[in-house]
Amino acid sequence: MSSLQAIKYSRGKLEVLDQLRLPHSFHYDVVSNRSEAFDSIASMRVRGAPAIAIVASLGLAVELHHQGLAADSSSEAIAQIDQALDYLKGSRPTAVDLSNAITQLKSRIRESSEGTKEDIISAFIDEAEKIFAQDLTTNVAIGDSGADWLRRYAGATAETPVSLLTHCNTGSLATSGHGTALGIIRSLHSRGLLKHAYCTETRPYNQGSRLTAFELVFEEIPSTLITDSMAAALFRLQKDKANIAAVVVGADRVVRNGDTANKIGTYQLAVLAKAHGIKFIVAAPTTSIDLVTPDGSGIAIEERKNEELTQVTGAIVKEDGTIEQGSKARVATADQRIDVWNPAFDVTPAEFIDTIVTEKGAVEKSADNTFDFSRIMPERWAKVVTS
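It should be emphasised that the depicted structure is a prediction, and the values quoted were computed from it without experimental measurement.

## Comments concerning the pattern of salt bridges
Now for step 1: Under the defined criterion, the tally for this structure stands at 20 salt bridges.
Now for step 2: Put simply, Asp86 and Lys106 hold a salt bridge, and the shortest N to O gap is 2.7 Å. A residue pair is termed long-range when its members are at least 10 positions apart, and Asp86 in helix H3 (residues 74–89) and Lys106 in helix H4 (residues 96–110) qualify at 20 residues.
Now for step 3: Arg191 is the partner of Asp144 in a salt bridge, and the nearest nitrogen-oxygen pair spans 3.6 Å. Residue Asp144 is found in helix H5 (residues 117–153), and its partner Arg191 is found in the loop between helix H6 (181–190) and strand E5 (194–200); the two are separated by 47 residues along the sequence.
Now for step 4: Each of Arg92, Glu302, Arg304 and Glu308 takes part in a single network of salt bridges with overlapping partners.

Right, dumping it as structure tokens:
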């Protein structure tokens, strides 16, 4: 198991790794209340759908642990926690894990509505800690399910290991540990079924080059970094030589028919994979599946500021090629007067996805190019879809 930790937590104390400083320096921010959790998420010092939900939940849990609530009744305590959770929901609106965690936390505190405000606070903290602990178990299960699927449908064996391409960062840095899409790569590698991992740089925020490349090197997984625009050439020139079997990505939101919102650039990889006969796999916990929204047209896409596309921050490289430790410089990569369109996510239609791998197993695409999640989520499906 990876020793990389994006989130360090013990009751009353939360530390979050500032991922904007990676891969050249490690710095943990202390997050002690809802405002600091919101800022950590919105500024993308922490990112990845599972990690976002965890930091929001635990950030408020730490605040409640130390400060309590200025409430005179249990109903007032619930209302104040609801208000705090609604505030946190606005930090990254596209990621459904955050919305699902908020719904789970609101439901849990209402189970304690007959008790004191201290009972309600205790219930909230217990549930937030449960969300944190469950995520790691979920990620390991996703990794195992994905490895099993690739062995069964892509011919991954010890004699013929496969290579995969991944996009953005979906590893230990985006979760409580192991990861989702990168977790599948990690599980394949541990079984001796991985030949090579390719990762895109993932413009404009470079989560692939800053974070995924760092994780792969840290784990000593054979890997190569490419620019986003090299994927087609990679598939055409290296597919057979490297035995490239699949593209595996994470998800910020999977809606009822299987349309998937993920980091910008995912959609084009799905189109390219289909054109080259390469499998396209989405790895996502069931908490990322939104059964309420019928299809991708209902997904709100966050747009980021211009400077994220026209400027870049990094460590200073000395003349001998080494990094000047502790250094940081921001430089312009484009004329600052140019107009910018900078959506953080795109939506990949279900027809381009071969399977969606969850902690409860892989869901295959139906004949009508949609996904039926009723088998792995029967209670939620019955409540939302058949009601």
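Now that the structure has been shown, we can carry on.
## Quick word on the packing of helix H1 (residues 34–42) against helix H2 (residues 49–67)
Now for step 1: Where H1 meets H2, the axes come as close as 8 Å, and the angle between the chain directions of the two elements is 160°. With respect to each other, H1 and H2 are oriented roughly antiparallel. Crossing of H1 over H2 shows right-handed handedness. Within the contact between the two elements, H1 uses Arg34, Ala37 and Ile41 and H2 uses Ile52, Val55, Ala56, Gly59, Leu60 and Glu63.
Now for step 2: Of the residues assigned to the contact of H1 with H2, the class counts are six nonpolar, one polar and two charged.

## Here's the deal with the UniProt feature "active site" (unreviewed entry) in the protein chain
Now for step 1: In the UniProt entry, the feature "active site" (unreviewed entry) is given for Asp252.
Now for step 2: Here Asp252 lies in the loop between strand E7 (244–249) and strand E8 (253–255).
Now for step 3: The contact partners of Asp252, leaving out residues within four places of it in the chain, are Ala49, Thr94, Ala95, Val96, Asp97, Ala261, Asn262, Lys263 and Phe345.

## Notes on the sheet that holds strand E10 (residues 279–283)
Now for step 1: In spatial order, the strands read E6-E5-E4-E7-E10-E15-E16; together these seven strands make up an open sheet with mixed pairing. The open sheet terminates on both sides in strands that have one partner only, identified here as strand E6 (223–226) and strand E16 (361–364). With strand direction ignored, the average angle separating the axes of adjacent strands in the sheet is 25°.
Now for step 2: Note that strand E15 (residues 355–358) and E16 share four bridges and pair antiparallel. In the strand pairing of E16, Thr355 is matched with Glu364.
Now for step 3: Contacts between H6 and the sheet are confined to strand E4 (162–166), E5, E7, E10 and E15, with E4 contributing the most and set at about 160° to the helix.

## Observations concerning the packing of aromatic side chains
Now for step 1: Summed over the entire model, instances satisfying the criterion amount to seven aromatic pairs.
Now for step 2: Ring geometry for Tyr9 versus Phe132: centroids 6.2 Å apart, planes at 85°, classification edge-to-face. With Tyr9 in strand E1 (residues 7–10) and Phe132 in helix H5, this residue pair connects regions lying 123 residues apart in the sequence. Each member of the pair, Tyr9 as well as Phe132, carries the same accessibility label: buried.
Now for step 3: Residues Phe214 and Phe218 carry aromatic rings whose centres are separated by 6.2 Å and whose planes lie at 40° to one another, so their mutual orientation is tilted. Of this pair, Phe214 and Phe218 both sit in helix H7 (residues 207–218), separated by four residues, roughly a single helical turn.
Now for step 4: Residue classification places Phe214 among the buried positions, given a relative accessible area of 16%.
Now for step 5: Three or more aromatic residues link up through ring pairs in this structure, and these residues are Phe26, Phe214 and Phe218.
Now for step 6: The ring of Tyr28 has Lys8 sitting right over it, with the charged end atom 4.2 Å from the ring centre.
Now for step 7: In this structure, Lys263 is placed above the aromatic ring of Phe345, and the distance from its NZ or CZ to the ring centre is 4.9 Å.

What counts, and at which threshold
- Residues numbered from 1 in each chain as written.
- Predicted model: local features only at pLDDT ≥ 70, side-chain atom pairs only at ≥ 80, totals over all residues.
- Heavy atoms only, no water.
- Salt bridge = Lys/Arg side-chain N within 4 Å of Asp/Glu carboxyl O.
- Helix = DSSP H or I, 4+ residues; strand = E, 2+ residues; numbered from the N terminus.
- Axes fitted to C-alpha atoms, helices over the stretch in contact; angles between N-to-C directions.
- Parallel < 35°, antiparallel > 145°, perpendicular 65-115°, else oblique.
- Left-handed = near helix turned anticlockwise from the far one by under 90°.
- Contact = heavy atoms within 4.5 Å.
- Nonpolar A, V, L, I, M, F, W, Y, C, P; charged D, E, K, R; others polar.
- UniProt positions renumbered as here; feature names shortened; annotations may be inferred.
- Pairing = 2+ DSSP bridges.
- Phe/Tyr/Trp six-rings, centres within 6.5 Å; stacked < 30°, edge-to-face > 60°.
- Buried < 20%, exposed > 50% of the residue type's maximum accessible area, 1.4 Å probe, protein only.
- Lys NZ or Arg CZ within 6 Å of the ring centre and 35° of its normal.

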